[in-house]
Amino acid sequence: MIDLSINFGGIKAPNPFWLASAPPTNSGYQIMKAFEAGWGGAVWKTLGVPVVNVSSRYGSVNYRNTRMMGFNNIELITDRPLADNLREIEEVKKYFPDHAVIASLMVESRAEWEQIIKDVENAGADGIELNFGCPHGMCERGMGSAVGQEPDVLKTIVGWVKEAANIPVITKLSPNISHITDPGLAAVEGGTDSISLINTIKSIVGIDLDSYAPYPIVDGKGTNGGYCGPAVKPIAMHMLKDLAQHPEISKVPLSGIGGIETWRDVVEFILLGATSVQVCTAVMHYGFGIVREMEAGLRQFMEDKGYNTIYDFAGKALPNVTEWKHLNLKHKVVAEINADKCVGCDLCYIACDDGAHQAIALSDDPTNRIPSIIEENCVGCNLCSLVCPVEDCITMVKKDDGTQSITWNERTLNDDIPVSFDDDRAGGKGHFVPEPSDALKKKR
Amino acid sequence: MAEYKRPTTKAEFDKNFKQKKPLMNDTEAYYEASRCLFCYDAPCVQACPTSIDIPLFIKQIHTDNITGASKTIFDANWLGNACGVVCPTGVLCEGACVYNHQDVPPIQIGRLQNYATNTSIDSKKELFKAGQSNGKKIAVIGAGPAGIACACEARTLGYDVDIFEAKEKPSGLTVYGIAPYKITNEEVLKEVAYLQDQLGFHIKYNNAITSKNELAALETKYDAIFIGVGLGATRHLGLDGEDKKGVVGAVEFIEELRMKHHEVKVPAKVVVIGGGNTAMDAASEAARMGARKTVLAYRNSKENMGAYGFEYDLAISAGVDSLFNVTPIAIVGNGTVEGVKFAKTELIEGKLQTNMNNTFVVRCDLVIKATGQAKQGHLYSLIDGLDIDNKTRIIINNEFQTSNPQYFAGGDAINGGAEVVNAAYDGKMAAQGIHNWLNK
Ligand SMILES: Cc1cc2nc3c(=O)[nH]c(=O)nc-3n(C[C@H](O)[C@H](O)[C@H](O)COP(=O)(O)OP(=O)(O)OC[C@H]3O[C@@H](n4cnc5c(N)ncnc54)[C@H](O)[C@@H]3O)c2cc1C
Ligand code: SF4
């Protein structure tokens, strides 16, 4: 029996699909609608100091025919009255007592923190999330990412909150920092019950070519926004992994955020150690209904793999995410083209010839557009298989017999690493490269 | 199968001749352009007779550089707008699209091309300038696609160009011959006007060159002469009763249709004789004009038809019936056509034989002969030393120069009847040939 319910650092929810603190959680109406649609939890749009918002708030990066591949915003925390939000939290909890309603908070002084914590606890919130992430607007006032970027300050505030709060506390981290483990560790030392990440990334998504202003444009000017959407997922997953592999930080549960849209994204985040996921952009793009695809996919995956709860596979990829120096240098793959599937676009040829290792040849017969791999030149970089537009046409085939393994680390210990530029043990030595002047001869 | 009501108004005509490749809107163009894979040494470019850099212009459309896309197209093909909708793309660029190999619909290259160029034409975007005058003059005979392309290219090279055109409109068969559901008259004429505005060549309408004297005058006044006269009228079949009222040639029928639209009255029963693309067009058009029964009669089998399969399919979908292995032996009727007498044909020892013992009459009120156009042999015979081949096609060298060095030629006049895109290519190349010759 598959059971998707979770207990995330003391916050219980029927499933790990939560809405991130963002425009989709701006009101009780939206959150109730989301719970109806199947979401298991929601982090309320950040409550806190009074703000005023601007008009024109979002910008987007479109790629080919895909809208909002990346998305940025310059919206601040909620601009609705605190009393209204508190009343609606109470109402939502009345209708959905088993769903997780988490209040995201952002204030300045200790007194303010203590007051607002009391307020949301009285309203019935199941937990608190500390917004130390907003990289626009609020940080100029010393909040949001301004806190997330100062581990000492962050730790202090987490301490205040923990002292005041009776409900679990999640600390939300900003990715706008070199080492995510610094604020991560500070949060744990401050006593946080759990961590969520990532908040948005400082960004400029585009410049208007007529007004010369960055998007979104507010009366001829713009400012940096916070970047999210599918484009940021790889960065989020990397940071999640850093925390999940950290011996101290990994003691608290991690909620993954950043570009999650499909069940695959969800599974990947869980495999890297997340035990709840938060979604914003995908909902802003498609509405709450996307949770059905996520849930169905997650269930199917669990059924196929024989898992009952997400804890059965949470973090399962972590042992395989290692440092470069531990990779097997004897492993060898080369590309193989399935001539039956090949459509003859020759993108692999030009990608390899211009962008990799000149390991793909075209036929001398101009009517035959099916390229071939020059196996001895192929370094197994994958590029051709990545550019190929046909499903499963180019595959990377294992060539070593699997009996041998040596890593850089081991070679270093054995004193068997190249030490000079011309050392015979260096990797590229003897590898095929065309003569520079061949560039001028090659024509088809 | 479609049933067409006889069109009596322009709106009804336009409905029956609805554009097969309508102008794309911005959204459609954006999404379609996004599908292009940007193939290396792209097969579509190789398949285009004018070698337009298709992946480049598609990328330009996608990045909202429509002007650049339009320039890329016109740089290779002066009739890029018309070609986008009249080219048989399924056997050219789009037929070569690699998507076909995975049963994914190919990129709609023609419509994207038409979209980009149409955008420039409608906004009167200036893309070209005539080259600095070199003081030399070129005469062009025929303002068809070949002649127009030659004129445009020659203008960019600094030549003064006068086009002598027999009819009263430019662009030859593109406006007088191509099926109305492929392109409208307005669209054809708009493109020529756009080019003419920028490049400033002169067209002398109603000015057929038909005599030795006229040719001699051109030879004196102009440094070089381009022959772009296309083909002639429909060939005579030599059938009994062919001169009866109600027997017309396909190109003549189509020309009247293109000029008069719904004012043309096509009678109830029509027989179209022929198996080429022109026959398919004429049959489709007769059906769309409200003929109750249109029969396509071809003397060989379906497999041996010269027409593209998609053109045949289009005729059938318009409600046309077909008869194969039949050959006309007489037109029956009393002054006015009442039917066509056919004999069956059969393949005997690899040769198509007419079986005179097996004949029958198909009743009809109109016979359209789509059995080929005559060549302009008479005109060619007036030009000193002009060599033609046994099919009356002008022979040219790879600079498009004829055996009379002052004359160059291109289009249907040299290939015996191909597509607009071939004529566009020839005209452009011939202008370069002239330039090379005059600058030797
Ligand atoms: C029914 C039909 C349908 C077609 N459909 C298509 C199609 O869908 N797509 C496609 O790409 N192609 C199509 N074609 C072919 C295409 O129209 C021709 O290949 C193309 O127009 C040839 O261009 P051209 O300039 O060589 O000749 P033409 O277009 O024939 O132009 C010749 C010009 O020269 C003029 N002229 C002739 N003699 C003289 C003279 N003595 N003095 C002065 N002027 C003269 C004519 O009036 C005409 O304007 C079709 C042709 C026909 C007949
Ligand atoms: S000119 Fe014709 S063949 Fe060439 S790309 Fe355009 S539509 Fe295709």
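Computed from a prediction, not measured in an experiment: that's the story for all the values here.

S.K.: Give me the interface of chain B and chain A: which residues, what numbers.
M.R.: Contact with chain B, which involves 17 residues of that partner, is made by 17 residues of chain A. Of the roughly 1,500 Å² buried where chain B meets chain A, counting both sides, 53% is carbon and sulfur surface. It is L37, Y40 and Q102 of chain B in chain B that bury the most area against chain A; as a group they hold 39% of the surface buried on that side. Seen at the junction of chain B and chain A, the total is 0 salt bridges. Counting every contact that joins chain B to chain A gives 9 residue pairs in polar contact (both at pLDDT 80 or more).

S.K.: Tell me about the site of ligand 2, and name the residues and values.
M.R.: All names here are of chain B. Around ligand 2, a shell composed of 13 residues is seen, among which C48, I54, C87, C93 and Q113 lie nearest. Here the element with the most residues in the shell around ligand 2 is helix α8 (residues 109–122); it accounts for 3 residues. Its residues placed into classes, the shell around ligand 2 shows 9 nonpolar, 4 polar and no charged.

S.K.: So what's going on with the site of ligand 1? Residues and values would help.
M.R.: All names here are of chain B. Neighbouring ligand 1 are 33 residues, the closest being V86, E165, L173, K182 and D412. K182 places a polar side-chain atom, nitrogen or oxygen, 2.8 Å from an oxygen atom of ligand 1. In isolation ligand 1 has 980 Å² of accessible area, and contact with the protein removes 92% of it. For the shell around ligand 1, the elements supplying multiple residues, two or more each, are α9 (145–156), α13 (250–260), α14 (277–288) and α18 (420–438). Domain assignment of the residues forming the shell around ligand 1 places at least three in each of domain 2 (137–231 + 374–438) and domain 3 (247–369).

S.K.: Could you give an account of the domain arrangement of chain B, with specific residues and numbers?
M.R.: Residues and elements named next belong to chain B. On domain assignment, one finds that chain B holds domain 1 (20–122), domain 2 (137–231 + 374–438) and domain 3 (247–369). Between the C-alpha centres of domain 2 and domain 3 the distance comes to 31 Å. For the pair domain 2 and domain 3, the summed buried area comes to about 1,200 Å², and 48% of that belongs to carbon and sulfur atoms. Here E311 ties to K182 by a salt bridge, and the two come within 2.7 Å at their closest N and O atoms. Viewed at the interface, domain 3 and domain 2 are joined by 9 residue pairs in polar contact (both at pLDDT 80 or more). Among the elements that make up the side of domain 2 that touches domain 3, the one with the highest residue count is helix α10 (residues 173–176) (3 residues).

S.K.: Run through the pairing of strand β4 (residues 224–227) of chain B, naming residues and quoting values.
M.R.: All names here are of chain B. Residues of β4 alternate between two faces, with A224 and F226 on one and I225 and I227 on the opposite face, all of them buried. Pairing of strand β1 (residues 137–141) with β4, which is carried by 4 bridges, proceeds in the parallel orientation. Among the inter-strand pairings, I138 is bridged to a residue of β4, identified as A224. Bridge count between β4 and strand β13 (residues 407–409): 3 bridges; the pairing is parallel.

S.K.: Outline the sheet that holds strand β5 (residues 58–63) of chain A, listing residues and values.
M.R.: Residue and element names in this part refer to chain A. With antiparallel pairing, 4 strands are arranged side by side in an open sheet as β5-β6-β12-β11. Lying at the two open borders of the sheet, with one neighbouring strand each, are β5 and β11 (201–203). Mean inter-strand twist for the sheet, computed between neighbouring axes without regard to direction, equals 45°. As paired strands, strand β6 (residues 66–73) and strand β12 (residues 225–228) are joined by 3 bridges and run antiparallel to one another. Following the sheet pairing, F71 is matched in β12 by C228.

S.K.: Pulling in residues and values, what's your account of α18 of chain B?
M.R.: The terminal C-alpha atoms of α18 of chain B, which comprises 19 residues, lie 27 Å apart, in line with the 27 Å expected from a rise of 1.5 Å per residue. Every buried residue belonging to α18 of chain B is among V420, V421, A423, A424, D426, G427, K428, A430, A431, G433, I434 and L438 of chain B, and all of these are buried.

S.K.: So, the state of the cysteines: which residues are in play, and what are the values?
M.R.: Note on terminology: disulfide describes a covalent bond linking the sulfur atoms of two cysteines. All names here are of chain A. As enumerated under the stated definition, the model contains 0 disulfides over all chains in all. Between C378, a cysteine without a disulfide, and C384, which holds the nearest cysteine sulfur, the sulfur-to-sulfur distance is 6.2 Å. The exposure class assigned to C378 is buried, which follows from its relative accessible area of 8%.

S.K.: Could you give me a rundown of the pattern of salt bridges, with the residues and numbers involved?
M.R.: Residues and elements named next belong to chain B. Counted under the stated rule, the structure contains 38 salt bridges over all chains. Residues E242 and K369 are paired through a salt bridge, measuring 2.6 Å at the closest nitrogen-oxygen approach. Residue E242 is found in the loop between β4 and β5 (247–249), and its partner K369 is found in strand β12 (residues 366–369); the two are separated by 127 residues along the sequence. Take K369: its relative accessible area is 9%, and that puts it in the buried class.

S.K.: Could you give me a rundown of unusual backbone geometry, with the residues and numbers involved?
M.R.: For the bond running from L197 of chain A to I198 of chain A, omega is 10°, close enough to zero to count as cis. Structurally, I198 of chain A is set in the loop between β10 (194–197) and β11. Across the junction of Y215 of chain A and P216 of chain A, the peptide omega takes the value -10°, indicating a cis bond. If you trace the backbone, P216 of chain A turns up in the loop between β11 and β12. Here the phi dihedral of D346 of chain A falls at roughly 60°; this positive angle occurs in a residue that is not glycine. In this fold, D346 of chain A is placed in the loop between β15 (333–337) and α11 (347–355). A residue is classified by how much of its surface remains accessible, and D346 of chain A, at 1% relative accessible area, is buried. Notably, D41 of chain B is not glycine yet its phi reads approximately 45°, a positive angle. Looking at the secondary structure, you find D41 of chain B in the loop between α2 (26–34) and α3 (43–47).

S.K.: Just give me the short version of the sheet that holds strand β7 (residues 293–297) of chain B, but keep the residues and values in it.
M.R.: All names here are of chain B. The 5 strands lie next to each other as β5-β12-β6-β7-β8, forming an open sheet whose pairing is parallel. For this open sheet the edge positions go to β5 and β8 (321–323), each flanked by a neighbour on one side alone. Across the sheet, the mean angle from the axis of one strand to that of its neighbour is 25°, orientation sign disregarded. Relative to β12, strand β6 (residues 269–273) runs parallel, the two being bridged by 4 bridges. Directly across from V271, in β12, lies its bridge partner V367. Across the sheet, α14 lies against β6, β7 and β12, angled at about 170° from β7, the strand it touches most.

S.K.: Help me get a handle on the side chain of K241 of chain A, residues and values and all.
M.R.: Residue and element names in this part refer to chain A. Residue position: K241 is located in helix α7 (residues 233–244). The buried category is assigned to K241, whose relative accessible area is 15%. If we skip the residues at most four places from it in the chain, K241 touches L272, L318 and V321.

S.K.: I'd like a description of the environment of K260 of chain B, backed by residues and values.
M.R.: Residue and element names in this part refer to chain B. Among the secondary structure elements, K260 is positioned in helix α13. For K260, a relative accessible area of 42% translates into the label partly exposed. Placed 114 residues apart in sequence, K260 and A146 show a C-alpha to C-alpha distance of 25 Å.

S.K.: Tell me about the pairing of β7 of chain B, and please be specific about residues and values.
M.R.: Each regular strand shows side chains that alternate between the opposite faces of the sheet. Residues and elements named next belong to chain B. Of all the 5 residues making up β7, 4 are buried; the element is thus mostly covered by neighbouring parts of the structure. The sheet contact formed by β6 and β7 spans 5 bridges and is parallel. When the bridges of β7 are listed, V272 appears paired with L296. One crossover worth recording links β6 to the parallel β7 by way of α14, and it is right-handed. Across 3 bridges, the pairing between β7 and β8 is parallel. Considered in β8, the bridge of V295 is made with D321. A crossover links β7 with its parallel partner β8, the connecting element being helix α15 (residues 309–317), and its sense is right-handed.

S.K.: Report on the domain arrangement of chain A, specifying residues and quantitative values.
M.R.: Per the domain assignment, the segments making up chain A are domain 1 (6–320) and domain 2 (324–441). Put simply, the middle of domain 1 of chain A and the middle of domain 2 of chain A, counted by C-alpha atoms, are 41 Å apart.

Cut-off values and rules
Residues numbered from 1 in each chain as written. Chains lettered and ligands numbered in written order. Predicted model: local features only at pLDDT ≥ 70, side-chain atom pairs only at ≥ 80, totals over all residues. Heavy atoms only, no water. Contact = heavy atoms within 4.5 Å. Buried area = accessible area lost by both parts, 1.4 Å probe. Salt bridge = Lys/Arg side-chain N within 4 Å of Asp/Glu carboxyl O. Polar contact = N/O pair within 3.5 Å; in protein donor to acceptor, adjacent residues only side chain to side chain. Near = heavy atom within 4 Å. Helix = DSSP H or I, 4+ residues; strand = E, 2+ residues; numbered from the N terminus. Nonpolar A, V, L, I, M, F, W, Y, C, P; charged D, E, K, R; others polar. Areas by Shrake-Rupley, 256 points an atom, 1.4 Å probe, with all protein chains shown as cover. Domains from an automatic or database assignment. Buried < 20%, exposed > 50% of the residue type's maximum accessible area, 1.4 Å probe, protein only. Pairing = 2+ DSSP bridges. Axes fitted to C-alpha atoms, helices over the stretch in contact; angles between N-to-C directions. Expected span 1.5 Å × (residues − 1). Disulfide = S-S within 2.5 Å. Right-handed = clockwise from strand over helix to strand, strands pointing away.

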